[in-house]
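As a plain string of letters, each chain reads:
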Amino acid sequence: MKAVNDQGKEVTEFCNKYWLMLDEREAQRMYGGKEARTEEMKWRQWADDWLVHLISPNVYRTPAEALASFDYIVREGKFGAVEGAVAKYMGAAAMYLISKRLKSRHHLQEDVREDLYEAANKWVTAVGKDRPFMGGQKPNLADLAVYGVLRVTEGLEAFDDLMRHTRIQPWYLRMEKAIAEASPVP
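The sections below set out a description of the structure shown in this document. (Residues numbered from 1 in each chain as written. Predicted model: local features only at pLDDT ≥ 70, side-chain atom pairs only at ≥ 80, totals over all residues. Heavy atoms only, no water.)

1. Here's the deal with a nonpolar patch on the surface
Cut-off, in case you're wondering: Think of a patch as exposed residues, more than 30% relative accessible area, with no salt bridge, where like charges cluster within 9 Å and nonpolar side chains (Val, Leu, Ile, Met, Phe, Trp, Tyr) cluster within 5 Å. Here the accessible surface of atoms and residues is derived via Shrake-Rupley with a 1.4 Å probe, and residues count as covered only by protein chains that are part of the display. Salt-bridge detection follows one rule: a side-chain nitrogen of Lys or Arg within 4 Å of a carboxyl oxygen of Asp or Glu. Strands are runs of DSSP state E lasting at least two residues, helices are runs of H or I lasting at least four, and both sets are numbered from the N terminus onward. To sort residues, take the accessible area from a 1.4 Å probe on protein chains only and compare it with the maximum for the residue type: under 20% means buried, over 50% means exposed, and anything in between is partly exposed.
A cluster of nonpolar side chains, namely Y72, I73 and F79, defines an oily patch on the protein surface of about 250 Å² accessible area. Among the secondary structure elements, I73 is positioned in helix α4 (residues 63-76). On the accessibility criterion, I73 (34% relative accessible area) is partly exposed.

2. Thoughts on the nonpolar core
Cut-off, in case you're wondering: For the purposes of this section, nonpolar cores are sets of buried Ala, Val, Leu, Ile, Met, Phe, Trp, Tyr and Cys residues that join through side-chain atoms within 4.5 Å. Whether two residues touch is decided by their heavy atoms; if any such pair falls within 4.5 Å, the residues are in contact.
L51, W123, V146, L150, L162, I168 and W171 are the most contacted members of the largest nonpolar core, which has 38 residues in total. At the level of elements, α2 (34-49), α3 (55-59), α4, α5 (81-105), α6 (112-127), α7 (141-151), α8 (157-165) and α9 (169-182) are the ones that each hand at least two residues to this core. A per-element tally of this core places α6 first, with eight residues. Apart from the residues lying within four places of it in its own chain, the contact partners of L150 are L51, I55, L116, F159, L162, I168, W171 and Y172.

3. Things to note about α6
Defined as follows: Given the number of residues in a helix, its expected span is that number minus one, multiplied by 1.5 Å.
Between its first and last C-alpha atoms α6 spans 23 Å; for 16 residues at 1.5 Å apiece the expected length is 22 Å, and the two agree. What α6 keeps buried is the set V112, R113, D115, L116, Y117, A119, A120, W123, V124 and V127. At the C-terminal side of α6, G128 shows a positive phi close to 85°.

4. As for the environment of E10
By the element assignment, E10 lies in strand β2 (residues 10-12). On the accessibility criterion, E10 (56% relative accessible area) is exposed.

5. Remarks on the side chain of R113
The line we're drawing: In the analysis that follows, any N or O atom pair within 3.5 Å is treated as a polar contact, provided that within protein one partner can donate a hydrogen and the other can accept it, and provided that, for residues neighboring in sequence, both atoms belong to side chains.
By secondary structure assignment, the location of R113 is in helix α6. At 2.5 Å, the side chain of R113 forms a polar contact with the side chain of E65. Reaching out from R113, the side chain makes a polar contact with the side chain of D161 at a distance of 3.0 Å. Setting aside its immediate chain neighbours within four residues, R113 contacts N58, R61, E65, E157, A158 and D161.

6. Points about the packing of aromatic side chains
Our working rule: Only centres within 6.5 Å qualify two rings of Phe, Tyr or Trp (six-membered ring in Trp) as a pair; their planes then separate them into stacked at under 30 degrees, edge-to-face at over 60, and tilted for everything else.
One pass over the full model with this rule turns up eight aromatic pairs. Between W46 and W123, the aromatic rings sit 6.4 Å apart at their centres with planes inclined by 10°, giving stacked as the arrangement. In this pair, W46 is assigned in helix α2 and W123 in helix α6, connecting sequence segments 77 residues apart. For the residue pair W46 and W123, the accessibility class agrees, reading buried in each case. Between F159 and Y172, the aromatic rings sit 5.2 Å apart at their centres with planes inclined by 65°, giving edge-to-face as the arrangement.

In structure tokens, the structure reads:
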């Protein structure tokens, strides 16, 4: 379906992209009820429409953070010495500038960390105290979506700040454990 986004740009929307095609029995087994299914869809969309847009402005927030991010990218990538240096310094400079435009485009606070902290605490509040995951005793696709967005910041200052200044760390550690337990051992 064609639609116009917040910036006045025509985009293609997929109305059911968060809806899993399941028969009634499988849906009942996975979700237990329509509310849990609707909640999962809501938070998956939130991760795509809001949370993901907080990452670049936070990991490239300052020239030093941008440089540290690209240092990690170059170190983990397969770059030669010259290519690595160019990628590190040019990439960091470019992403620092782009992050400022993204901050404006998404109407983020002056200190973009505050938006990240608010988002993390909003997620933790939605999960609540009575269940370890949004999906209950096991992670659902919303848990995986939020974890996947936040996972890319691991090893960076933004991740350390997030763990230190919000209530998300216990949930995040439970997710790491659940994923490790679900992954086949080679």
